[in-house]
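Survey of secondary and tertiary structure
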Amino acid sequence: MERYDALYRLYDEFDAKTLRAYQDFVDLFPPVDSRVALEHWQSASEELEQRKDEIRGAFDAGETYATIAAHATRDQAFTALDLYSKYGRAVNALVLDVDETLRSAGGTDNEIPRETLHLLTEFHEKGMPIVVCTGQTLENVKGFAVQGLGNEIVHSSNLSIVYEAGTGVFTPGHGAETKRLLYEELDDEIRNTFDTVRSQVLSSAPDELRRCTHLQGNEFNITMKPNFETGSSRAVEIIDDALVYLLDLLGKTVAGSGEESQSGNNNGSDWARSYYADSDPEIRGVLEEQGETPENDVAAIPEDVRDTFGRIDVAYYEGDAAEIGSRELNKVVGVKSALDVLGVDDPFPLVMGDSKSDLRVMRWVDETNSGIAAAPEHSSRDVLDHVVRTDELIYDQGKAGDVLRTVYALNRLANLG
């Protein structure tokens, strides 16, 4: 109870809110060529240090408590202490989704806030490995990572990018291990299936889909994106159509490689609809709305076809994307590989994300008692259910910094031993 008592005293006896305001001003002050502005910054810096000195002199571990008060709210600090009491250790890696997690089209104008970028820089300066984990292509992720975090961090040998939801891992500065193409480890059957679907996905598509969608420039996954604003009513319509089309094309491709195709059986489309509708309620809902409900029961699907479907993931993101990927390659596989390259032998990461692909990583750290999970309030229902059930680290749209501040305080408390 000693640390709880210290936190009560810290926030009851000292003006932590004003202290944080000074800290944020000093940290986030933009570079300007103005003598008056620089004098104002210098004055704020001196006031910040004076207020911190008051806390330093009031506690045995004064530096720790001064730093916590300058970075975390009362609620964030007590949440951090609760997490330390539960797990007994510090976070030693950050695993971060990007879109709708660090940045949000609705909340941050699709930019990572300066506060969040600064906190990530602080973690990096303290030696924290960072894993950027996203469904985007490598080139897209590298671009915004360099723009947001800077070349020094991206090429520091302590940052890794898991791209295309786990098909590859890019960790600059690690020689032959810099780029791991995880999809090259798949067997010929799966790789040939993807090659066939990829070669036909646009050329065989109905005119409307060819005009209204495009393929994301992936190395392996096959992702159809709308030529409309993400989440708009038109984008929702097109992606719903794209999902049905991808299911049919995948079904025909898989059935065409099995014995059933030799006897003229052309049930591949219905088999794919049945299988994936049975395994994903969102996909079933789209099929029902489209009037494309499958006729066959899953049990009627030939075993070899069913086995192949079991190795291929079909993902649906309303108004955003319809995608085919490998179940053997996902964010968990990518994160494990990234942490291996980074040399994190006993990982206990903070996992931040909003979608089903992020949920897999969250469940992995929960099942192995090796990490904590956080999610924005607009995440998918399954993600929110999981996060609420574990540590309740739900944050407002565009406010990823709130969770980073909590983890910052957690690690400072853990350093007290």
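Structure shown above.
We now turn to the structure provided with this report.

Criteria and thresholds
- Residues numbered from 1 in each chain as written.
- Predicted model: local features only at pLDDT ≥ 70, side-chain atom pairs only at ≥ 80, totals over all residues.
- Heavy atoms only, no water.
- Helix = DSSP H or I, 4+ residues; strand = E, 2+ residues; numbered from the N terminus.
- Buried < 20%, exposed > 50% of the residue type's maximum accessible area, 1.4 Å probe, protein only.
- Contact = heavy atoms within 4.5 Å.
- Areas by Shrake-Rupley, 256 points an atom, 1.4 Å probe, with all protein chains shown as cover.
- Salt bridge = Lys/Arg side-chain N within 4 Å of Asp/Glu carboxyl O.
- Polar contact = N/O pair within 3.5 Å; in protein donor to acceptor, adjacent residues only side chain to side chain.
- Phe/Tyr/Trp six-rings, centres within 6.5 Å; stacked < 30°, edge-to-face > 60°.
- Lys NZ or Arg CZ within 6 Å of the ring centre and 35° of its normal.
- Axes fitted to C-alpha atoms, helices over the stretch in contact; angles between N-to-C directions.
- Parallel < 35°, antiparallel > 145°, perpendicular 65-115°, else oblique.
- Left-handed = near helix turned anticlockwise from the far one by under 90°.
- Nonpolar A, V, L, I, M, F, W, Y, C, P; charged D, E, K, R; others polar.
- Core = buried A, V, L, I, M, F, W, Y, C linked by side-chain atoms within 4.5 Å.
- Pairing = 2+ DSSP bridges.
- Arc of directions from axis to C-beta.

Remarks on the overall build of the protein chain
Each helix and strand in the protein chain was counted, giving 19 helices and twelve strands. Principal-axis analysis of the C-alpha atoms places the extent of the protein chain at approximately 85 × 50 × 45 Å. Residue burial in the protein chain is summarised as follows: out of 417 residues, 54% are buried. When contacts within the protein chain are restricted to residue pairs at least 6 apart in sequence, those whose partners lie at least 24 apart make up 68%. Accessible area of the protein chain: about 18700 Å², with a carbon and sulfur share of 43%.

Describing the pattern of salt bridges
Under the counting rule described, the total for this entry stands at 35 salt bridges. With a closest N to O distance of 2.7 Å, Arg 56 and Glu 63 form a salt bridge. Under the relative-accessibility criterion, Glu 63 is labelled partly exposed at 40%. Across the pair Asp 313 and Arg 360 runs a salt bridge whose closest N-O atoms are separated by 3.3 Å. Note that Asp 313 is positioned in strand β8 (residues 312–317) and Arg 360 in helix α17 (residues 356–367), a separation of 47 residues in sequence.

Overview of the side chain of Ser 326
Within the fold, Ser 326 resides in strand β9 (residues 321–326). Relative accessible area serves as the criterion here: at 3%, Ser 326 is assigned to the buried category. Here Glu 328 takes part through its backbone nitrogen, which lies 3.0 Å from a polar atom of the side chain of Ser 326. Those residues in contact with Ser 326 that sit more than four places away from it in its chain are Leu 186, Phe 194, Phe 220, Asn 221, Arg 311 and Asp 313.

Points about the packing of aromatic side chains
For the coordinates displayed, the defined rule picks out twelve aromatic pairs. When the centroid spacing of 5.5 Å and the interplanar angle of 45° are considered together, the rings of Tyr 275 and Phe 309 count as tilted. Residue Tyr 275 is found in helix α13 (residues 268–279), and its partner Phe 309 is found in helix α15 (residues 303–309); the two are separated by 34 residues along the sequence. For Phe 309, a relative accessible area of 0% corresponds to the buried category. Here a set of aromatic residues connected by ring pairs shows up, and it is made of Tyr 4, Tyr 8 and Phe 78. Taking NZ or CZ as reference, Arg 103 lies 4.8 Å from the ring centre of Phe 144, over its face. Over the aromatic face of Tyr 317 sits the side chain of Lys 356, whose NZ or CZ is 6.0 Å from the ring centroid.

Let's talk about unusual backbone geometry
Of note in the backbone geometry, Ala 165 takes a positive phi value of approximately 55° without being a glycine. Mapped onto the secondary structure, Ala 165 falls in the loop between β3 (159–163) and β4 (168–170). Residue classification places Ala 165 among the buried positions, given a relative accessible area of 12%. In the Ramachandran plot, Asn 369 falls in the positive-phi region, its phi being about 50° despite a non-glycine side chain. Accessibility expressed as a relative area gives 54% for Asn 369, which makes it exposed.

Overview of the packing of helix α6 (residues 114–125) against helix α19 (residues 400–414)
Remark: α6 packs on α19, axes separated minimally by 9 Å, with the N-to-C direction vectors making an angle of 25°. Judged by the inter-axis angle, α6 sits roughly parallel to α19. In this structure, α6 meets α19 at a crossing whose hand is left-handed. Of the residues in α19, those in contact with Glu 115, Thr 116, Leu 119, Leu 120, Glu 122 and Phe 123 of α6 are Ala 400, Gly 401, Leu 404, Arg 405, Val 407, Tyr 408 and Asn 411. The residue inventory of the contact of α6 with α19, partitioned by class, reads seven nonpolar, three polar and three charged.

Remarks on the nonpolar core
Ranked by internal contacts, the top residues of the largest apolar core, which has 131 residues, are Leu 94, Tyr 276, Leu 350 and Ile 372. Residues in contact with Leu 350, not counting those within four places in the same chain, are Val 91, Ala 93, Leu 94, Val 95, Ile 372, Ala 374, Val 403, Leu 404 and Val 407.

Quick notes on the sheet that holds β8
Spatial strand order, β6-β7-β9-β8: four strands in an open sheet with antiparallel pairing. The sheet terminates laterally at β6 (213–215) and β8, the two strands that pair on one side only. Averaged over all neighbouring strand pairs, the angle between strand axes comes to 20°, with direction disregarded. Judged from the six bridges that link them, β8 and β9 form a sheet pairing that is antiparallel. In the sheet register, Ile 312 faces β9, and the bridge partner there is Ser 326.

A few points about the side chain of Asn 411
Among the structural elements, Asn 411 can be located in helix α19. Judged by relative accessible area, which is 12%, Asn 411 ranks as buried. Among the polar contacts listed, one links the side chain of Asn 411 to the backbone nitrogen of Val 91, at a separation of 2.9 Å. Each residue touching Asn 411, except ones within four places of it in the same chain, is listed here: Ala 90, Val 91, Phe 123 and Met 128.

Comments concerning helix α18 (residues 381–390)
For α18, the complete set of buried residues consists of Val 383, Leu 384, His 386, Val 387 and Thr 390. Looking straight down α18, one finds that the buried residues subtend no more than 165° of arc, so they occupy a single side. Counted as exposed and oriented over 90 degrees from the buried face of α18: Arg 381 and Arg 389. Looking at the buried side of α18, the elements it contacts are α5 (74–87), α17, β11 (372–376) and β12 (394–395). Immediately downstream of α18, the backbone of Glu 392 shows phi near 60°, a positive value.

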